[in-house]
Amino acid sequence: MTFPLPINLPEELRSIQEKWIKAKREDQDLIYALEFGPAFVPLFARLPLHGWIGDPPKVKALISILGLSWQPVALMAAWARPEHILILGTQDSLSNKIGDEPVLELISRLSGIPIKCFITRQIEDTNEVRIYSEVCDFSRKFGFELHELAVDPTGGKKSMSVSAALAGFLIGAWIVYVDYAQYYSEKRIPVAGTEYPRLLRNPLEVFGDLEFERIQEAYRSGNYEESAHIARNLASKLYEPREAEALALMAEAYGAWHKFRFSEACDILEKLKNHLEQFMMDGKWLWAGKLLPKIRTQVNVSKELSEITTKLCHGEKLKTIEEGSPLVLNHLAAAERALLHHHIGASILLTYATLERYVDICLWVYYGLDDEEPDFSNVSLDWQKFHSIGRMLHKKQYQERDLAGPLTLSTGVQLLAALKPELITQNFLGSIKGLMSDRNKCEFEHGLCPKALSPDNIKKYIEMVKQLLEIILSQDGKNINDELEKYHFPVF
């Protein structure tokens, strides 16, 4: 079978090609080395990479298998123009001569790559483990970046070619091949002058869906580091890594946010937004178009969280409830996320912490009470009402005491319910008592025998806190679910 010729050879080169075709097999190598190659190799070096669209890959290093057919090594070296080339061959192929010219000197002459750039390794064709080791050592020695390395398995015996290709695939190298448009079946060799560089299709283009499913599953389970790791690993093996890189950025961004590292999350989300805006249309990533509007919003949300926490860490105080509400809403969203991921203990702690933040912010904004060092001297308190609420919360265990020291959640709830009962009405006190009691019995808190908490109860506590927040948000015409949605992570 013949294919369209990649190069329209000039007349002089066609004459040499005819001479090569008519020559005896033992003379063809010498004709190629001395006459045909010097004129053809520069033409081959300018050919586009078949199977790749866009600018050709920038190859800093090339790994080639050298068999007794040396032409593919010379051609691919001339095309790739690498800074370093590792040539793997047998004793026979490495010591071969074409006429009086050693094969490595010939490859250097034709390709234009100085022989000082060559690293050669003699390997038995049955020793695939040695090939793996040499490829790995070569890659590590020069510290190549992603996709700076290409493997050309064209020459050599099948076992060596397959081994080199497998090793290259695992380290994310381009797998390139010297293919041909015409084959000289009588002498079982490609026709000189019909060769062209070809990119071997990456199997992950077909099987990559399985890896994308693993990325998605880890992300949806809250295993953000694992999701990012799988995505980065996939990106290192794909010829076109941008979609996998986008998924890695997404997992890294929300992994940082999940750990309350808001500044880091904001920076990565900005990179993700820019990455999607630049590449998603070319890649036709259907999931990205659905998520981009939310990611744009959450760049600003994470920035707001970062700015608020930075101010508070530097000793600044909140001036309004609205200013502090992002901290409360983010904690509540984290509680919902933990429950979704079946982290029951973490969910109740976050629900408790959400309520605590709500109470602390209200007491500070309305009454100037700092949670660490509260000054009660300016607070006009109905003590009878205060103690009545305490008895509702703690039943027989309650003891009337003067206010002193840092504010606990229990004391804060009593104070807020007594001072501003519209923000914590008495019908909430039973659920708050249940939340405090269950929180103290979870696996992260007190007692030798942690309580097996019911997810349904946690849902009720989360709903209770939502209702409390709704009271204060509704004063500004806001809806709790709409506001909370800003802090929910996107799902793909």
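Up top you'll find the structure we're talking about.
Quick summary incoming for the structure in this document.

About the criteria used
- Residues numbered from 1 in each chain as written.
- Predicted model: local features only at pLDDT ≥ 70, side-chain atom pairs only at ≥ 80, totals over all residues.
- Heavy atoms only, no water.
- Helix = DSSP H or I, 4+ residues; strand = E, 2+ residues; numbered from the N terminus.
- Rg over C-alpha atoms; globule rule 2.2 N^0.38 Å.
- Buried < 20%, exposed > 50% of the residue type's maximum accessible area, 1.4 Å probe, protein only.
- Contact = heavy atoms within 4.5 Å.
- Areas by Shrake-Rupley, 256 points an atom, 1.4 Å probe, with all protein chains shown as cover.
- Lys, Arg positive; Asp, Glu negative; His and termini not counted.
- Charge placed at Lys NZ, Arg CZ, Asp CG, Glu CD.
- Pairing = 2+ DSSP bridges.
- Axes fitted to C-alpha atoms, helices over the stretch in contact; angles between N-to-C directions.
- Expected span 1.5 Å × (residues − 1).
- Arc of directions from axis to C-beta.
- Salt bridge = Lys/Arg side-chain N within 4 Å of Asp/Glu carboxyl O.
- Patch = residues over 30% accessible without salt bridge, like charges linked within 9 Å, V, L, I, M, F, W, Y side chains within 5 Å.

Helix and strand counts for the chain stand at 19 helices and 10 strands. Against the 2.2 N^0.38 benchmark of 23 Å for 492 residues, the chain shows a C-alpha radius of gyration of 35 Å, more extended than a compact globule. For the chain, the spread of C-alpha atoms along the three principal axes comes to 115 × 45 × 40 Å. Relative to its 492 residues, the chain shows a buried fraction of 51%. For the chain, restricting intrachain contacts to residue pairs at least 6 apart in sequence, the fraction spanning at least 24 positions comes to 68%. When the accessible area of the chain is evaluated, it comes to approximately 25,000 Å², of which 51% is carbon and sulfur surface. Separation of charge centres in the chain, based on 56 positive and 67 negative side chains, amounts to 2 Å.

One non-glycine residue, Phe260, lies in positive phi territory at about 65°. Mapped onto the elements of the fold, Phe260 is located in the loop between helix H10 (242–258) and helix H11 (262–283). We note that His342 has phi near 65°; this positive angle belongs to a residue other than glycine. Position of His342 among the secondary structure elements: in the loop between helix H13 (321–340) and helix H14 (344–367). On the basis of relative accessibility, which here comes to 66%, the residue His342 falls in the exposed class.

All right, on to the sheet that holds strand S2 (residues 84–89) then. In space, the six strands of this open sheet follow the order S5-S2-S1-S6-S7-S10, with mixed pairing throughout. Sheet topology places strand S5 (118–122) and strand S10 (195–199) at the edges, where each strand pairs with a single neighbour. Ignoring which end each strand starts from, the neighbouring axes of this sheet average 25° apart. Here six bridges tie strand S1 (residues 61–66) to S2, and the two strands are oriented parallel to one another.

Moving on, we come to the environment of Tyr254. Structurally, Tyr254 can be placed in helix H10. The exposure class of Tyr254 is buried, given its relative accessible area of 0%. Discounting residues that sit within four places of it in the chain, Tyr254 has contacts with Tyr219, Tyr224, Leu269, Ile295, Gln298, Phe489 and Pro490.

An ideal rise of 1.5 Å per residue puts 21 Å on 15 residues; helix H6 (residues 128–142) measures up with 22 Å between its terminal C-alpha atoms. Of all the positions in H6, only Ile131, Glu134, Val135, Phe138 and Ser139 are classed as buried. One face of H6 carries all of its buried residues, which in axial projection span an arc of 130°. Among the exposed residues of H6, those pointing more than 90 degrees away from its buried face are Val129, Arg140 and Lys141. Residue Gly143 follows H6 closely and has a positive phi angle near 60°.

On to H14, then. Given 3.6 residues to a turn, an α-helix orients residues that are three or four positions apart in the same direction. If you check H14, its first and last C-alpha atoms are 34 Å apart, about what 24 residues at 1.5 Å a residue would give, namely 34 Å. Note on H14: the residue one or two positions beyond its end, Gly368, has a positive phi of about 65°.

This next bit is on the pattern of salt bridges. Proximity of charged atoms lets side chains of opposite charge pair with each other. Summed over all chains, the structure comprises 25 salt bridges. A salt bridge links Arg261 to Glu264; the shortest N-O distance between them is 2.7 Å. Between Glu277 and Arg296 there is a salt bridge, and its shortest N-O distance comes to 3.0 Å. With Glu277 in helix H11 and Arg296 in helix H12 (residues 286–313), this residue pair connects regions lying 19 residues apart in the sequence. Owing to a relative accessible area of 39%, Arg296 belongs among the partly exposed residues under this scheme. Salt bridges here are not isolated pairs; linked through shared partners, they connect Glu270, Lys273, Glu277 and Arg296.

Moving on to a negative patch on the surface. A cluster of acidic residues, Asp209, Glu213, Glu217 and Glu226, forms a negative patch on the protein surface. With three residues, helix H8 (residues 204–220) is the largest single contributor of residues to the negative patch. Tracing the sequence through the fold places Asp209 in helix H8. A relative accessible area of 53% means that Asp209 is categorised as exposed.

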